[in-house]
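As a plain string of letters, each chain reads:
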Amino acid sequence: SSILLTGNIIEKNAHMGVIISDSSGSIEKNTIRDNDSEGLYISNYNSSNIDITDNLIEGNAKSASFFGGGVSISGTGTALVTKNIIKKNNIWGLFLSGSAKVSNNIIDENSETGIYISFAKDVEITDNQITNTILFGGIGRGIEIYESSVLIKDNDIMDNAVDGVAIFYPESVV
């Protein structure tokens, strides 16, 4: 199935702001903020592609009862994440465990990790500002990568509490 989620304010929900499973389509020009768990959770295991463009995603995963962050994407489809502002989320700004192209985003002031990549393939991180990650649980990294295939190119990664980029057990990082 295909979805279009555009122009909405999605805030202050007791769990996640948006959950999308096995759908293709676009998420654009939304404000997704102050949800107790994930702001945006996408699980695509049927190879669907999804575009996430021009959204403000901030202040999510504030509840100690939930684990999450700004945006989580997993599955076998490809996600295009472009021109978003992802800021002030707990645990991570953006979590990737699948294929994604992430470009021209501002990822700022997230707790623990700006972009967390784990067991992902064909990820491209280009032309982003990844800044001011806040120390949380001893971690404050711009980008953290585990067992993944990733291209990191032409980003501004600066002023993070601990590391700019941390790579563990890489499959391929360029």
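Here the residue numbers are simple positions, counted from 1 along each chain's written sequence. Reporting in this predicted model follows two pLDDT cut-offs: at least 70 for local features of residues, and 80 or more for side-chain atom pairs to be given and counted; totals over whole chains, interfaces and linings ignore these cut-offs and use all residues. Side-chain measures were taken over the full set of non-hydrogen atoms in the model, leaving aside hydrogen atoms and water.

Visitor: I'd love a proper account of unusual backbone geometry, names of residues and values included.
Guide: Unusually for a residue other than glycine, D54 sits at a positive phi of about 55 degrees. Within the secondary structure, D54 is located in the loop between β7 (50–53) and β8 (56–58). Helix and strand assignments follow DSSP, with helices taken as H or I runs no shorter than four residues and strands as E runs no shorter than two, numbered in order from the N terminus.

Visitor: Summarise the sheet that holds strand β18 (residues 156–158); cite the residues concerned and give the values.
Guide: Across the sheet, seven strands lie side by side as β2-β5-β8-β10-β12-β15-β18; this open sheet has parallel pairing. Bordering the open sheet on either side are β2 (9–11) and β18, each of which pairs with just one other strand. Averaged over all neighbouring strand pairs, the angle between strand axes comes to 5 degrees, with direction disregarded. For two strands to count as paired, DSSP must find a minimum of two bridges between them. Sheet topology places β2 next to strand β5 (residues 31–33); three bridges connect them, and they run parallel. Along β5, the bridge assignment pairs I9 with T31. Here the axes come from fitting lines to C-alpha atoms, over the contacting stretch only for helices, and the angles between their N-to-C directions go from 0 to 180 degrees.

Visitor: Can you explain the environment of K29? Please cite residues and give values.
Guide: Within the secondary structure layout, K29 lies in the loop between β4 (24–28) and β5. What makes K29 exposed here is its relative accessible area of 56%. Spatially, the C-alpha atom of K29 lies 6.8 Å from that of T53, the residues being 24 residues apart in sequence. Residues in contact with K29, not counting those within four places in the same chain, are T6, G7, N8, T53, D54 and N55. For every residue, the accessible area (1.4 Å probe, protein chains only) is compared with the maximum for its type, and the residue is labelled buried under 20%, exposed over 50%, or partly exposed between those bounds. Should any heavy atoms of two residues lie within 4.5 Å, those residues are counted as being in contact.

Visitor: So what's going on with the packing of aromatic side chains? Which residues, and what values?
Guide: Pairs of aromatic rings are described using the distance from one ring centre to the other and the angle between the two planes. Paired rings are identified among Phe, Tyr and Trp, the last through its six-membered ring, by centres lying within 6.5 Å, and are further divided according to the angle between planes into stacked (under 30 degrees), edge-to-face (over 60) and tilted (the rest). Taken as a whole and assessed by the stated rule, the structure comprises five aromatic pairs. A centroid spacing of 5.5 Å and a plane angle of 20 degrees characterise the contact between F95 and Y116, whose relative ring orientation is stacked. With F95 in strand β11 (residues 92–103) and Y116 in strand β13 (residues 113–118), the pair connects residues that are 21 residues apart, well separated along the chain. Measuring from centroid to centroid gives 4.9 Å for Y146 and F168, while their planes differ by 15 degrees, and the two rings are stacked.

Visitor: Describe in detail empty space enclosed by the protein, supporting the description with residues and values.
Guide: Think of a 1 Å grid over just the protein atoms. A cavity is a set of points where a 1.4 Å probe fits yet cannot get out, a pocket is an open set with protein on both sides within 12 Å along at least five of seven lines, and lining residues have an atom within 4 Å of a point. Grid points are joined across faces, edges and corners, and a volume is the space filled by probe spheres set on the points. For the coordinates displayed, the defined rule picks out one cavity of 30 Å³ or more. Within this model, the largest cavity holds a volume of roughly 40 Å³. In terms of lining, the largest cavity is formed by I42, N44, S48, I50, I73, S74, G75, G77, T78 and A79. Secondary-structure elements contributing two or more residues to the lining of the largest cavity are β6 (40–44) and β9 (71–82).

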